[in-house]
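Commentary on secondary and tertiary structure
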Amino acid sequence: MSLFEERTILTVSRLTGLIRGVLEENFEHVWVEGEVSNLALPASGHLYFTLKDPGAQIRCVMFRASARALRFKLQNGMMLVARGRVSVYDQRGEYQFIVEYLEPKGVGALQLAFVQLKEKLAREGLFDESRKQRLPVLPLKIGIVTSTSGAALHDILTVLRHRHAGVDVLISPVRVQGEGAAEEIAGAVRDFNRYGDVDVLIVGRGGGSLEDLWSFNEEVVARAIFSSRIPVISAVGHEVDFTIADLVADMRAPTPSAAAEMVVKSREEMDNHLQHLSRRLFNALDRRMTSCRERLVSTMRALKDPTMLVGNLFQRIDELRDRMSRALRGELRLLREGLAADMHRLRLSHPVLAVERCRERLLALDARMTSLVTRQLDGHRERTSVSVARLHAYSPLTTLVRGYSIVRRLDDGTVVRDSRQIEPGDCLGVVFGHGSAECVVKKRHDERDRE
Amino acid sequence: MAAEKFETMLRKLEDAVERLESGDLSLEDSLKIFEEGVRCANFCVKKLDEAEKKVEVLLKQRDGTFQKKEFSPDNER
């Protein structure tokens, strides 16, 4: 280039401008893929980051106007495909990639946006089972948030009509796809909550592409459903379609028809439940009455015939008495036997017997003694008579018989052996061999006198 | 909300049934509870029959109030 042949001196700005021109001319419409790093999100709304692969990196900027169209949130580490142009940031002398369009590599942008919002809301607890409201036991007024021209409304109304569901339907017509649809849906949910007089909300639309269903993946719809005091059934698309609205709703119906079925079913179940309860109520009372009546009857029967009761008692008493006497008899027999034995033993040791025995011994002894004494007496008697005979031979009486006498003083009985023993006048007793006499002394003669 | 009173009455009915079935009540109480149960059941059945089966469209007015209009499938966008 001629620029370099001559010694032309350029200012830095000029050079930089030249470089920028070259780059912008040659890299005006480029696709590039790489991993995001050094992501910066200043308040200005522009996005700054670096795209890199193992061998190189490039500074990137996505200006606010382009960034606004991003459905998903940029994060470090993300693999991206970017479309844009290469330019130079003069002030720093750096070349950079001006990103005009971004999409995640591998998955579509919408898909990624869905995953990201899902994660965010899940973290906030919008999907928590504990936050879900119970569907009313008996929804009588249904609010429907959908398009009046769509298949969803038609399906719902058809089900309700065919099943003869006694429910009122209040429709809040909204657009269900395209720009602003999400806001309309969210607004209708809020309107119903302000209006108040419905029992349950069905929010949904028929099937479609991911783009068609996109409104139901918007955060504003999710938050409106989450904040609804009226329980919300989501009914978006077909069974396979799963939206953020489905996750945050109190109940998810796979299709709009299914949502209507749920409402009808709860109504039918309620009919059955009520019938069942009524039947149980009547049965319970019936049973109660029957049991009361039975008790009454049996009580009255007992009242009518007290003899039965008394009879039973009598029988019982008899039985007891019988058992008692039998027991007593046994006891008595034992006692009696014991007594007899004792008596026998007692009789054997009776004192009369002892006395008898003593008496016998006494008699025997007596007899022995008597014979002994008798023999002894006989002996004595013999000896005595011998002695008497001998004595007789020497008796004074014999002397007296032979003619001698015995003279005794009458006053003192003394035998007078000497004349000096007496005085004349004394009374004397004289004993002869046969008989006696009393005499008075006339005169005494002493032995000398005689001489 | 329409369902609120219904649910209250339904719960009362269920309670009545359970108490009556438990069977440890005096006859007088049983009758009282039975009557209450029947009253609740009648209310619930009436509520079920009451639904008007209307289909209407909720329209928001400029002043923020709501207006209901009968729905015909082709009068909306």
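Throughout, a residue's number is its position along its own chain's written sequence, starting from 1. Lettering for chains starts from A, numbering for ligands starts from 1, and both go in the order in which the items are written. Residue-level local features of this predicted model are given only where pLDDT is at least 70; pairs of side-chain atoms are given and counted only at 80 or more, and the full residue set underlies all totals for whole chains, interfaces and linings.

A short note on the nonpolar core
All names here are of chain A. Note the threshold: We define a nonpolar core as a collection of buried residues of the types Ala, Val, Leu, Ile, Met, Phe, Trp, Tyr and Cys that are connected via C-beta atoms lying within 7 Å of each other. Any residue surrounded by 20 or more other C-beta atoms within 10 Å of its C-beta is treated as buried, while 12 or fewer makes it exposed and the intermediate range makes it partly exposed; C-beta atoms here are placed from the backbone. Secondary structure elements are taken from DSSP: a helix is a run of H or I of four residues or more, a strand is a run of E of two residues or more, and numbering for both begins at the N terminus. Any residue pair is listed as a contact if its two C-beta atoms, each placed from the backbone, are within 7 Å.
Among the nonpolar cores identified, the biggest contains 76 residues, and Ile185, Val189, Leu201, Val203, Ile225, Ile233 and Ala245 are the most heavily contacted of them. At 10 residues, helix H9 (residues 256-304) tops the list of elements feeding residues into this core. Apart from residues no more than four positions distant in its own chain, Ile185 is found in contact with Val145, Val174, Val176, Val203, Ser215 and Val221. In this structure, Leu51, Cys60, Phe97 and Val99 belong to the second largest nonpolar core, which totals 10 residues.

Here's the deal with the confidence of the model for chain B
To keep things clear, this is the line we draw: pLDDT expresses how confident the predictor is about each individual residue, on a scale running from 0 to 100.
Confidence along chain B averages 78 in pLDDT terms, with 86% of residues attaining 70 or more. At the low end of the mean pLDDT range in chain B sits helix H1 (residues 2-22) of chain B, at 81; at the high end sits helix H2 (residues 27-50) of chain B, at 84.

Brief notes about helix H5 (residues 151-162) of chain A
Residue and element names in this part refer to chain A. Our working definition: Here a helix's expected span is defined as the number of its residues, less one, multiplied by 1.5 Å. The arc under discussion is defined with respect to the helix axis, by the directions toward the C-beta atoms.
Given a rise of 1.5 Å per residue, 12 residues ought to cover 16 Å, and the 16 Å separating the end C-alpha atoms of H5 matches this to within 8%. Among the residues of H5, those classed as buried are Ala152, Leu153, Asp155, Ile156, Val159 and Leu160. Taken around the axis of H5, the buried residues stretch over an arc of 165 degrees, which confines them to a single face. Turned more than 90 degrees off the buried face of H5, the exposed positions are Arg161 and His162.

A short note on the interface of chain B and chain A
To keep it simple, the criterion reads: We call Asp, Glu, Lys and Arg charged. Ala, Val, Leu, Ile, Met, Phe, Trp, Tyr, Cys and Pro are nonpolar, and the rest, Gly among them, are polar.
Between chain B and chain A, the residue contacts involve 37 residues of the former and 31 residues of the latter. Only H1, H2, strand E1 (55-60) and strand E2 (66-70) of chain B provide two or more residues apiece to the side of chain B that touches chain A. Grouping the constituent residues of the side of chain B that touches chain A by class yields 22 nonpolar, 3 polar and 12 charged.

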